[in-house]
Each structure stands twice: as C-alpha cells, then as structure tokens.
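# Fold and geometry: a report
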Amino acid sequence: MSAVDKAVNIADLRRLAKRRLPRIVFDYADGGAEDEITLRGNCRVFETITLRPRSAVPMPSPDLRTTVLGTTFDLPFLLAPIGSTRMFHPHGEALAAAAAGAAGTGYILSTLCGSPLEEVKAAATRPVWYQLYLVGGHDVARAGIERARRAGFSALVVTIDTPVAGMRERDHYNGTGALLTRKIGSMLPYIPQLLAKPRWLAGFIADGGLMSFPNVMLPTGPMPYADVGRALAECAVGWPDLRWIRDAWGGPIIVKGVHTADDARRAVDAGAEGVVVSNHGGRQLDGVAPTLRVLPEVVAAVGDRTEVLFDGGIRRGSDIVKALALGARAVLIGRAYMYGLGAGGGPGVTRAIDILRADLLRTLTLLGCPSAAGLDRSFLELPAGWPST
Ligand SMILES: Cc1cc2nc3c(=O)[nH]c(=O)nc-3n(C[C@H](O)[C@H](O)[C@H](O)COP(=O)(O)O)c2cc1C
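Presented here is a report on the structure given in the accompanying data block. (Residues numbered from 1 in each chain as written. Predicted model: local features only at pLDDT ≥ 70, side-chain atom pairs only at ≥ 80, totals over all residues. Heavy atoms only, no water.)

### With respect to the pattern of salt bridges
Taken as a whole and assessed by the stated rule, the structure comprises 21 salt bridges. One salt bridge connects Arg170 with Asp27, and the closest N-O pair in it is separated by 3.0 Å. Of this pair, Arg170 sits in helix H8 (residues 169-174) while Asp27 sits in helix H3 (residues 23-30); the two residues are 143 residues apart in sequence, bridging distant segments of the chain. Here Asp27 falls in the buried class, since its relative accessible area comes to 12%. Its salt-bridge partner being Asp354, residue Arg357 comes within 2.8 Å of it at the nearest N-O pair. Remark: Asp354 and Arg357 occur in helix H18 (residues 335-367); sequence separation between them is three residues, near one turn of the helix. (Salt bridge = Lys/Arg side-chain N within 4 Å of Asp/Glu carboxyl O. Helix = DSSP H or I, 4+ residues; strand = E, 2+ residues; numbered from the N terminus. Buried < 20%, exposed > 50% of the residue type's maximum accessible area, 1.4 Å probe, protein only.)

### Let's talk about the nonpolar core
Leu13, Tyr107, Leu292 and Phe310 are the most contacted members of the largest nonpolar core, which has 116 residues in total. Looking at which element gives the most residues to this core, the answer is H18, with 14 residues. Excluding anything up to four places from it in sequence, Tyr107 contacts Leu79, Thr85, Glu93, Ala96, Ala97, Ala100, Val120, Pro127, Val128, Trp129 and Tyr337. (Core = buried A, V, L, I, M, F, W, Y, C linked by side-chain atoms within 4.5 Å. Contact = heavy atoms within 4.5 Å.)

### Thoughts on the site of the ligand
Taken together, 21 residues form the shell around the ligand, and within it Pro81, Ser110, Thr159, Asp311 and Gly313 come nearest. Within the side chain of Ser278, an N or O atom sits 3.3 Å from an oxygen atom of the ligand. Coverage of the ligand by the protein amounts to 98% of the 600 Å² it exposes when considered alone. (Near = heavy atom within 4 Å. Polar contact = N/O pair within 3.5 Å; in protein donor to acceptor, adjacent residues only side chain to side chain. Areas by Shrake-Rupley, 256 points an atom, 1.4 Å probe, with all protein chains shown as cover.)

### Points about the packing of H3 against H18
The contact between H3 and H18 brings their axes to 10 Å, and the two run at 165°. Taken as axis vectors, H3 and H18 run roughly antiparallel relative to one another. Helix-helix and strand crossings are classified by hand; for H3 and H18 the assignment is right-handed. On H18, the residues touching Phe26, Ala29 and Asp30 of H3 are Arg335, Met338 and Tyr339. For the contact of H3 with H18, the residue count by class is four nonpolar, no polar and two charged. (Axes fitted to C-alpha atoms, helices over the stretch in contact; angles between N-to-C directions. Parallel < 35°, antiparallel > 145°, perpendicular 65-115°, else oblique. Left-handed = near helix turned anticlockwise from the far one by under 90°. Nonpolar A, V, L, I, M, F, W, Y, C, P; charged D, E, K, R; others polar.)

Pasting the structure below:
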C-alpha cells in the first residue's frame, strides 16, 4: 500500500506533498496573500457552524449527484482551476482532469496552466470547463476562447478577482521571482531547495520544465512564465468585457470571484449562467470575509436567477455539506486535490476525491439526509449574527 493510499484525510495528503515538493512549489499552493488571514478564515469558518442531525433515519447509500448547467455530475464537487498545476507533477493538468472524469465529476482548466488545452480535454472523460484570464489582451484571449470551444470545453469560467496578483509573501521569501530571472547570480541562493527534492526535480526536468503558458499565444509565441505578474496587471476584466466574452464564446459563462450580493447581481445582469462565491482561496485581497460567510447573502440575492457555486477552505466532506446546506449547488475544491497531486500524481488526486466522497457519504448518513440535493438549513445551526433565512 502506498503512502498516498494510506492517507486518511486531506491533511495527510498535505503532509506528503510537503515532503515530496520543493518548498517553493509547496508554498505556492499552500500559501495565501499577506498575513493569510482570509486563507485561515476560509477554513476556520466551517468550525463555527454546527450540524443538526436527524437520527433513526435508515436509508440506502446517499445520492451525491448534482446538476450544474444542465449536466449531472456524480459528485457535488468539481476540481477548481489551479495555475501551473504541471509544476506539482508532470502532466499535472491531464492527470487531474482524468482523475475527475473517472470519479464522474468535472475539471476546470486555468488559462495559466502548463499543458495545451487540447491535451487536457483529451484526457478528460467528463465535462471540462475553461477558466479565462484576459492575459495578453483581447485578441490573445479571443484566440484562447476559440481554441477552448473547438476542443470541446463546455463552459467558460471568467475570474474577476485578479486585477493584480495578490501579495503572496511566501513566494518572495522562496525566491520565485529570482529563479525566473534565469540569471545565475540571482538564482543561486534559491537553488538548494530544488536540489533537496531530486525526485521532483528529475520529473520536472523530464517534463520539459514549466517555463511558458501554451494556451496564451502571443505574437512571439507562448507567454513566458516570468511575465505572469505584469500580464495579470495589464488585463483586468471589467463588466463591459463580459459582453464581448459572451459573443466570442457563445456558450454558458460562470463568473468566479464574487464576494458580495451586489457583484453577484452584476454578474447575472451581465448574462452569467452561474457565479462562484470565491476569494481565490485567500490568495488575492487579504482581509476579505471567509467565503462561507458571504454565501448566504449571494444565495439570497441571486439564487433564484442563477446557479451559485462555492469554493474556499474545503478540506472535509462535512465542509461540502455545510456549503450545500447554505444554498450552493456545487462546490469547487482547490488545494484539497492539489495536495493529492503533489503527494502522488494522478493516484493522489484520486485519493483526495475518494476521501471527500467517503466523508460525504458518511456525513449524510449520520445526518439522516438521503441526498446532497436534499440538504438545507434545517441541518445547520448558524452562529449569532448570520442571516436566519
Ligand atoms: C496554487 C493555486 C493556483 C490557483 N490558480 C488559479 C487560477 O489560475 N485561476 C483561478 O481562477 N483560480 C485559481 N486559484 C483559486 C482556485 O481556483 C480556488 O478558488 C481556490 O483554490 C479555492 O480555495 P481552496 O484551495 O481552499 O479550496 C488558484 C488556487 C491555488 C491554490
């Protein structure tokens, strides 16, 4: 039995990922912006909500299916877009998409990924969505949208919370910028952390190293990795952009990065078929509310007009249960599967999914709720100060 198979929970996968990955890569995934207040808050808020079970309710195995944008998935969670996934494991994006498909759920591919989108689509057996940043400008983004449509991606996820990259202080301490300069003098102090993980390094080099983004095709070729911070700052998406994105795409759009009821309404008015209540996993504006705290206000504002998805801080099946009971149609998991990928590639992602699936089945059974779709607020006790409806 491998170490990944022995992992009991997501925290075990996190420990294994920390052991296998260089500090610079582990911290890139694990860390958040500035003081990481929001990163911690996203996780801790789940502890403030208590569950209210209905006992003596015998039932068959609970039904975990959920329907999003007309597609029924076997699980109420999808895999969130994660930039540079290929850094965690060779061909990381394709492995994650394949693991999601095998589990009967969907995968969302980041614009800022290391693999051609066609390769990722080919590895997937269930629907995959494409997450859009406007990096490189409108023409470059339009070409990416076209490619995603031709390849068969079924929805576009437009991320709106990244007008600049957040201040991820761990990346600065680890020398991410210095390592990307490719100037040996600047790089030297930071190289030992890579040499300390020879198995990871051998895989990374054999995989070609992640130095550009193959789905962001500039006139000069794929966008170099070193340019990402500047490119994000030059391509902030605004509400008027939603219109041309809609026209260029011609399919369903989900707006990701909604923090307030007002922005949720704007997204729906701009034609979004869905919104993701998300603060980018605490990686952007530190100090914003934990996403679970915002979910009820967004559901109340737009839940009858659009599909509300949720992400942030999910490490247990009971976290998913709480978000669904507060009105999310489905959730996205980010670090939970990324730790699995970092710990052991495709089997690690599968292990993360299996852990959360088993958690969900057990939690629903103990709650006396026959299905994920049957969850509602009557299964929760909310702290004082939370909206009562
Ligand atoms: C390493 C990393 C990279 C990410 N890259 C992207 C990205 O390229 N695009 C995007 O929309 N969100 C990105 N996110 C945010 C995730 O999609 C998701 O919102 C977040 O991970 C959810 O929080 P969780 O990790 O606590 O589950 C990234 C998150 C992490 C951890």
